[in-house]
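Letter by letter, the chains look like this.
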Amino acid sequence: MSHTLGIRQAQKQKTRQALLDAALALLEEQSLSSLGLREVTRAVGVAPTAFYRHFRSTADLGVALVEEALGSLHPMIRTTVSTTGDPEERVARAIGLIARHVDGYPAHVRFIARERHGGVQPVREAIRDQLARFAREVKAELAKDPVSRGWSEDDLLMLAHLYVDQMLSTASLLLEALEGPEEQRADRTRHATQLATRQMRLIGLGRLHWLD
C-alpha cells in the first residue's frame, strides 16, 4: 500500500511541476492576469479539472512560481553582500552571481520582473514578502561589516533594500541584454555590466559617508 501511495505522490508531484513549467513557458509572451488555466492544462495534456488538484487558481499557481523563482536564492543574495574581499571584489562577485543566475533562469527572472508590479495581487504580495525577507537577510550581513558600526537598525534596513532593488535592476538589465539582437549581445551585456558596476559603487560610496 505504501509503495502505491509513493507512486501516486510522485506522479502528483510530476504533474504539478509540469503545470508550473508549462505556465512559465506560456508567461514568456503574456502576463499572469491574462493566462487561462485551460491554456496551461492543454499544454500539459491533462483535463482542466486536474488543475484544481494542485492549485486553487492561476493566482495560486503564480504564488508557487514566485517561490520557485525566488525561494532558492536566499544563499546567493547573502553572498552578494558578503563582507569578504575589498569593495571592488564584492561588486564584481555580486554582478557575476546575478549574471550567472540570469543566464541560467531567464524565464524566472522575466516572470518576477513582469509580475512584481502586475495585476495579480497575491503574486505581487508574494514577491514583496520574498524581497522583504531578502532585505532582512542582507541587513544581517551588512551588520557584520565594521563599516556599519554606528548605523541605526532602520538605516541598515534601508540600505539593505537599496541593495536588493539594485540586484533586481541588474538582473533586468542583463536579461534585456540577452534578449537583444545576437550580434549586439556582447556589447549590450558589457554596457549593462558597466552600468550595474557604477550603480553598485555609488551605493557603496554613499554608505561610506552616510554618517558624516
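Every value quoted in this text rests on a predicted model; they were computed, and no experiment measured them. (Residues numbered from 1 in each chain as written. Predicted model: local features only at pLDDT ≥ 70, side-chain atom pairs only at ≥ 80, totals over all residues. Heavy atoms only, no water.)

### Comments concerning the overall build of the protein
How we decide: Numbering of helices and strands runs from the N terminus; a helix is a DSSP stretch of H or I covering at least four residues, while a strand is a stretch of E covering at least two. Note on classification: 1.4 Å probe, protein chains only; a residue is buried when its accessible area is under 20% of the maximum for its type, exposed when over 50%, partly exposed between these limits. In what follows, residue pairs with any heavy atoms lying within 4.5 Å of each other are defined as contacts. The Shrake-Rupley method, run with a 1.4 Å probe, gives the accessible areas here. Residue values count only the displayed protein chains as cover. Charge counting treats Lys and Arg as positive and Asp and Glu as negative, with His and both chain ends excluded. Just so you know, the charge point we use is NZ for Lys, CZ for Arg, CG for Asp and CD for Glu.
Of regular secondary structure, the protein possesses 10 helices and zero strands. Overall, the protein shows an N-to-C arrangement of helices and strands of α-α-α-α-α-α-α-α-α-α. Over its C-alpha atoms, taken along the principal directions, the protein stretches across nearly 65 × 45 × 35 Å. Looking at the protein as a whole, 40% of its 212 residues qualify as buried. For the protein, the proportion of contacts with a sequence separation of at least 24, taken over those separated by at least 6, is 66%. By element, 54% of the accessible surface of the protein is carried by carbon and sulfur atoms, the whole surface being about 11900 Å². In the protein, which carries 28 positive and 27 negative side-chain charges, the distance between the mean positions of the two groups comes to 6 Å.

### With respect to the confidence of the model for the protein
Low pLDDT means the predicted atomic positions in that stretch should not be read closely. Rule in force here: pLDDT measures the predictor's confidence residue by residue and takes values from 0 up to 100.
Looking at the protein as a whole, its pLDDT mean stands at 91, while 96% of the residues score no less than 70. Here helix 5 (residues 74-80) stands out as the least confident element of the protein, with mean pLDDT 76; helix 4 (residues 58-70) is the most confident, with 96.

### Details of the nonpolar core
Nonpolar side chains tend toward joint burial in soluble globular proteins. Heads up, the rule is: The set of buried Ala, Val, Leu, Ile, Met, Phe, Trp, Tyr and Cys residues whose side-chain atoms join them within 4.5 Å is what this entry labels a nonpolar core.
If you look at the biggest cluster of nonpolar residues, it comprises 57 residues, and the most contacted ones within it are Leu65, Val66, Leu70, Phe111, Val138, Leu142 and Tyr163. Among the elements that line this core, the one with the most residues is helix 9 (residues 153-179), at 10 residues. Not counting chain neighbours up to four residues away, the residues in contact with Tyr163 comprise Val81, Val138, Leu142, Met200, Ile203, Gly204 and Arg207.

### Focus on the environment of Met158
Along the polypeptide, Met158 turns up in helix 9. When its relative accessible area of 38% is taken as the criterion, Met158 is described as partly exposed. Sequence separation between Met158 and Lys139 is 19 residues, and the spatial gap between their C-alpha atoms is 8.6 Å.

### Here's the deal with the pattern of salt bridges
For the record, the criterion: Salt bridges are identified by distance alone: a Lys or Arg side-chain nitrogen within 4 Å of an Asp or Glu carboxyl oxygen.
Scanning all chains against the criterion turns up 12 salt bridges. Its salt-bridge partner being Asp60, residue Arg56 comes within 3.4 Å of it at the nearest N-O pair. For Asp60, a relative accessible area of 17% corresponds to the buried category. Residue Arg133 is joined to Glu137 by a salt bridge in which the shortest nitrogen-to-oxygen separation is 3.1 Å.

### Here we look at the side chain of His101
Residue placement: His101 occurs in helix 6 (residues 87-104). The exposure class assigned to His101 is buried, which follows from its relative accessible area of 13%. With residues up to four places along the chain from it excluded, the contact list for His101 reads Ala69, Leu73, Met76 and Val109.

### Remarks on a nonpolar patch on the surface
Selection rule: A residue counts toward a patch only above 30% relative accessible area and without a salt bridge, and it is joined to like-charged neighbours within 9 Å or, for Val, Leu, Ile, Met, Phe, Trp and Tyr, to nonpolar neighbours within 5 Å.
Together, Val147, Leu205 and Leu208 make up a nonpolar patch on the protein surface, roughly 260 Å² of accessible area in all. Relative to the helices and strands, Val147 resides in the loop between helix 8 (121-142) and helix 9. Look at Val147 and you get partly exposed, because its relative accessible area is 33%.

### Description of the packing of aromatic side chains
Spelled out, the test is: When two rings of Phe, Tyr or Trp (its six-membered ring) have centres within 6.5 Å they constitute a pair, described as stacked for plane angles under 30 degrees, edge-to-face for angles over 60, and tilted for the intermediate range.
Inspection of the entire model under this criterion finds three aromatic pairs. Consider the rings of Phe51 and Tyr52, whose centres lie 5.6 Å apart with planes at 80°: the pair is edge-to-face. Measuring from centroid to centroid gives 5.6 Å for Phe51 and Phe55, while their planes differ by 45°, and the two rings are tilted. Residue Phe51 is classed as buried on the basis of its relative accessible area, which comes to 0%.

### Some points on helix 4
To keep it simple, the criterion reads: Here a helix's expected span is defined as the number of its residues, less one, multiplied by 1.5 Å. Counted as a polar contact is a pair of N or O atoms within 3.5 Å, where, for protein atoms, one must be capable of donating a hydrogen and the other of accepting one, and residues adjacent in sequence contribute only when both atoms are in side chains.
The end-to-end C-alpha distance of helix 4, which contains 13 residues, comes to 18 Å, matching closely the 18 Å that a straight helix rising 1.5 Å per residue would cover. Two or three places before Ala59, at the start of helix 4, stands the capping residue Ser57, its side-chain oxygen 3.3 Å from that residue's backbone nitrogen.

### Notes on the environment of Arg149
Mapping Arg149 onto the fold places it in the loop between helix 8 and helix 9. When the C-alpha positions of Arg149 and Leu211 are compared, they lie 9.7 Å apart, and in sequence the two are 62 residues distant.

### Regarding helix 9
Taking 1.5 Å of rise per residue, the 27 residues of helix 9 would be expected to cover 39 Å, and the 39 Å separating its terminal C-alpha atoms lies within 8% of that figure. Residues of helix 9 that are buried include every one of Leu156, Leu159, Ala160, Tyr163, Val164, Gln166, Met167, Thr170, Ala171, Leu174, Leu175 and Ala177, and no others. Tucked into the core, helix 9 has its buried residues touching helix 5, helix 6, helix 7 (106-115), helix 8 and helix 10 (185-208).

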